[in-house]
Amino acid sequence: MLTDDITLTDHHCHGVTAADLDRPGFEALLGEGPRGSFDSALGLAVRRWCAPVLDLPPHTGADAYLARRADLGWREVAARLLGAAGTARWLVDTGLPDGLTDLSEFGALAGGEVGEIVRLEQVAEQVIAEVGGTAKVFDRIEAAVRERAEGAVGLKTVVAYRVGLDFPLTSTPPPTLAPEHRLTDPATLGWLVGLGARLGAELGLPLQIHTGFGDPDLRLHRADPLLLTDFLRAHPGLTVVLLHCWPFHRNAAYLSHVFEHVHMDLGLAIPHVGRGARAVLGEALELAPFRSLLYSSDGYGLPELHYLGAVLWRAALGKLVDEWLGDDVITVADAEALVSGLAHGNAERIYPSSDTSRKPKPR
Amino acid sequence: MLTDDITLTDHHCHGVTAADLDRPGFEALLGEGPRGSFDSALGLAVRRWCAPVLDLPPHTGADAYLARRADLGWREVAARLLGAAGTARWLVDTGLPDGLTDLSEFGALAGGEVGEIVRLEQVAEQVIAEVGGTAKVFDRIEAAVRERAEGAVGLKTVVAYRVGLDFPLTSTPPPTLAPEHRLTDPATLGWLVGLGARLGAELGLPLQIHTGFGDPDLRLHRADPLLLTDFLRAHPGLTVVLLHCWPFHRNAAYLSHVFEHVHMDLGLAIPHVGRGARAVLGEALELAPFRSLLYSSDGYGLPELHYLGAVLWRAALGKLVDEWLGDDVITVADAEALVSGLAHGNAERIYPSSDTSRKPKPR
Amino acid sequence: MLTDDITLTDHHCHGVTAADLDRPGFEALLGEGPRGSFDSALGLAVRRWCAPVLDLPPHTGADAYLARRADLGWREVAARLLGAAGTARWLVDTGLPDGLTDLSEFGALAGGEVGEIVRLEQVAEQVIAEVGGTAKVFDRIEAAVRERAEGAVGLKTVVAYRVGLDFPLTSTPPPTLAPEHRLTDPATLGWLVGLGARLGAELGLPLQIHTGFGDPDLRLHRADPLLLTDFLRAHPGLTVVLLHCWPFHRNAAYLSHVFEHVHMDLGLAIPHVGRGARAVLGEALELAPFRSLLYSSDGYGLPELHYLGAVLWRAALGKLVDEWLGDDVITVADAEALVSGLAHGNAERIYPSSDTSRKPKPR
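My aim in this report is to walk through the structure given alongside it, one point at a time. Computed from a predicted model, the values in this text were never measured in an experiment.

In this section: the overall build of chain A. Assigned secondary structure in chain A consists of 15 helices and 8 strands. Over its C-alpha atoms chain A spans a radius of gyration of 20 Å, differing by no more than 12% from the 21 Å that the globule rule assigns to 363 residues. Viewed in the frame of its principal axes, chain A has a C-alpha envelope of about 60 × 50 × 40 Å. When burial is assessed residue by residue, chain A has 64% of its 363 residues classed as buried. In chain A, once contacts between residues fewer than 6 apart in sequence are set aside, the share between residues at least 24 apart is 74%. Carbon and sulfur atoms make up 53% of the accessible area of chain A, which totals about 11,900 Å².

Written out as structure tokens, the structure reads:
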């Protein structure tokens, strides 16, 4: 297939757990609920595709897989799976650091270029923990985001988890801030996302926005990217990437169709849906312009997820392109351009290179 | 196919009309609107699959089909179609009894084991009709639900039809109750569903919740199972089954992914969508853990629906599994386990057996 | 395929731009955003299917395509593409006239029968511009709609763009009307749509309602056809056609299933989604009765859209029907009836003929 050897830019992922995992520990990371299961499309994919990377036959059972994993140790497993992904560049969200490899450790294991995505809520919560709800807290948050952004290639918000995507649109901070360990105040969050939008546009950094599917903290119907319509209209100078999007990926495709500054990925959905990835990708490409769709794995904790994202994305995109070629709806040259744009070209166009991130990229 | 001879547990259906039907009477039951039509995916399926069970050639026209049906009489037609479904156990919602076979009559015709699902709204409306809006009505409703639950294997709510799935979460009854023939008061319904959740958890009975597609009484956008998110969070000790779900079946799959106590079926959608069932099933299995998906026909009135649910479910699941096997994403042994779980194993695990339903099943 | 030579009624389209277009001008019409792109499913389809109609090889590049287009001139291009569509009758929304061919010019180029669809908002805005917010303005609007309706075959509303489909249901005009160039007052719009419903029922004219996908003025989540549920219940004597519907086409199919007076099309979605049309059409036909689905291109500005709508509709429907025939779910005779109903029969049944439109069609 055209996608067999295509190099990927994984524009949104996390570190891997820096520890050996028993079965409950592994399963806790194998789904978005409190406990995932091998008895799922994702579980089948782990056994089918990851087992051979650990020198096991395809479809090895869960216990044998985990035993081999324990034998090899987490570093070797991570190095193998991350290395096998064929990913040349990883953009890593460092906002959920607990127990995960940090940026340089991840880079050493993965063996590709690494860039940092700064999570707005984490920076704000850190500042609030330090200075409390004083009058200067908002200026301090802005200063902290600016500082963190200097070494980074993008910003990210998880406001979908906190108040949903119909957060208030505002550029002024609320009069007071009640210190919270976990920021949930709508007025503060609305201001914070607006700050991210302003700084992203100023610094040439894309703003990633979690939408759609995620863990059970979410009220999924509040995470429909269509709820961002007014926000997207208000920030035409900002490069936006809607993350994950499933099951609202058609809605995200509409937004990336009508707003030229809006991009999307299927993130988390790809490793989870297994063979269903072909259908999901086809639905996104009904309306998404080819410039707008990016690849990511959203791998978190388990390097299996980083690897499966890559394997299943190549398989799904390869199958789709084969069908298009078979029906004579695209030429080989155009198909190659499509594949390379989705695999890495679109991401490389919108993100600054990791070296020169301090200099805003002209839009 | 792997599914050809698989035995089904139809965990949600209704009785059949205990009378011969003319064409308007038949068509009134052939769709969810006031009048269904043979000119639909469902109509084609009746002619294709049910006609041979009545000794007619496949694709027999509607008039000839109905003439043969009249010749045989409703009892013979029901016995043939229910018998041909290959369903070993039927869980029957007895809450819409008008003109339908009762539980024992249905069991005699269908020839399998039968269990009862108690509809909360029907019990409550019966009590209200007897005692009116007195202070003791809420205790009386609880007592009546407990009594009915003793012989039953599950509870069900149709609150989606009454106020939608964003009903108020409450464990206390409202101060007063205005007697209604058809209960539509949000506060009373919120309390009633909460009562069902409490008793279901206490007695080990699953609570079935109508979601998605149904008759025109529904405001379908108020029947999105995502609106249940807070309710599901509030009742982790209750086994829940989301019924039907279409066109929100991906949303239901998300809920069954993140909440271990949540299950789903495609119910009504399967007989209606005809050959489209393969796609719908594939979308559900993108995210639904294999433990969480159940089979039902939601057959009501016409035994054709009970039969088509079974035929189309086997065909759709068989096709999906064949594709997975062909792509080497699953082994034959795992595919067999998947098929038997979806066909009957998952239902048998969560519902008490009909004999011992008085003893709560440990969760 | 069964659909190869089937004649179409394009029950919803617009005129074509009466001017030669440079690349920015062409791209401005190639998508729903401010600028479309050849780098999309739609762009591939233009190059694949339209190029041969202009004597170019399939897959001709964008610049060569536009150069040839300029050589031929807009009239010749329009005549070729509209003529090649195999469309016998075009129902044209004349409510966005700027720079487009008028009805007779379009008819001369297209070479088929032409009927007019009257856009309620345009008539109302014209009257308001003339008489302002006086007490008699509502009577004047009704009179103007009646007058325009005399020569027309249908009415249309774009209330989805103005306040969304949850507009107020009312048959009485608001006490006052603040003159607006572009009508956005909910109370006035609610009354205006109600007027359209009343006149449509009285005069036997279908009311087309924009739903789903459209240009960036839209808040797409306010354009879900399910928000029309109460409106549809309130007007059982009116023939309604839900336009476009994507990505809510399953929701529209539900409405056309439960309400006998409701019809739908996939309009705009068909030319845009390219090879994805097969899946979208399959999803609509899961639940839509065969009597209820109509064909339209929603072609606007570029005759490429009118042509691609026809080509892609025939291909998608032909493929779907071939699959059904291959699986023995339908007979050839039934498939022929299905195809001719969807291609033109359903539209011809619900719209008056263009000649006799002054006489209400009995329902």
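Put simply, an interface is often sized by how much accessible area is lost when its parts join up. Across the contact, 28 residues belong to chain A and 32 residues belong to chain C. Between chain A and chain C, roughly 2,600 Å² of surface is buried when both sides are summed, and carbon and sulfur atoms account for 54% of that area. Together, Arg-250, Tyr-254 and Glu-286 of chain A form the three largest contributors to the area buried by chain A at its contact with chain C, with a combined 23%. Taken together, the links from chain A to chain C amount to 8 salt bridges. In this structure, the salt-bridge partner of Arg-48 of chain C is Asp-328 of chain A, at a minimum N-O distance of 3.2 Å. Viewed at the interface, chain C and chain A are joined by 16 residue pairs in polar contact (both at pLDDT 80 or more). Partitioning the side of chain A that touches chain C into residue classes produces 12 nonpolar, 4 polar and 12 charged.

Here we take up helix α2 (residues 41-53) of chain C. All names here are of chain C. Its 13 residues give α2 an end-to-end C-alpha distance of 19 Å, which sits within 8% of 18 Å, the value for a rise of 1.5 Å per residue. Of all 13 residues in α2, 11 are buried; the element is thus mostly enclosed. Every buried residue belonging to α2 is among Ala-41, Leu-42, Gly-43, Leu-44, Ala-45, Val-46, Arg-47, Arg-48, Cys-50, Ala-51 and Val-53, and all of these are buried. The positive-phi residue at the C-terminal boundary of α2 is Asp-55, with phi of around 65°.

Conventions we followed
- Each chain carries its own residue numbering, running from 1 in the written order of its sequence.
- Here the convention is simple: chains get letters from A, ligands get numbers from 1, in the order in which they are written.
- With pLDDT at 70 or above as the cut-off, local features in this predicted model cover only qualifying residues; side-chain atom pairs require 80 or more to be listed or tallied, and sums for whole chains, interfaces and linings still use all residues.
- Excluding hydrogens and water, the side-chain values take into account all heavy atoms of the structure.
- Counting from the N terminus, the helices are the DSSP runs of H or I reaching at least four residues and the strands are the DSSP runs of E reaching at least two.
- We take the radius of gyration over the C-alpha atoms and set the globule estimate at 2.2 Å times the residue count to the 0.38 power.
- Throughout, exposure labels follow a simple rule: accessible area from a 1.4 Å probe, protein chains only, divided by the maximum for the residue type, with under 20% read as buried, over 50% as exposed, and the rest as partly exposed.
- Any two residues having at least one pair of non-hydrogen atoms within 4.5 Å are treated as being in contact.
- In short, Shrake-Rupley with a 1.4 Å probe defines the accessible areas, and a residue's cover is counted only from the protein chains shown.
- Joining two parts hides part of their accessible area as seen by a 1.4 Å probe, and the buried area is that hidden amount summed over both.
- A side-chain nitrogen of Lys or Arg and a carboxyl oxygen of Asp or Glu constitute a salt bridge if their distance falls within 4 Å.
- Polar contact criterion, stated in full: a pair of N or O atoms within 3.5 Å, where within protein one must be able to donate a hydrogen and the other to accept it, and residues adjacent in sequence count only if both atoms are side-chain atoms.
- Any residue that is not Ala, Val, Leu, Ile, Met, Phe, Trp, Tyr, Cys, Pro, Asp, Glu, Lys or Arg is counted as polar, Gly included; the first ten are nonpolar and the last four charged.
- Expected span, for any helix, means 1.5 Å times one less than how many residues it has.

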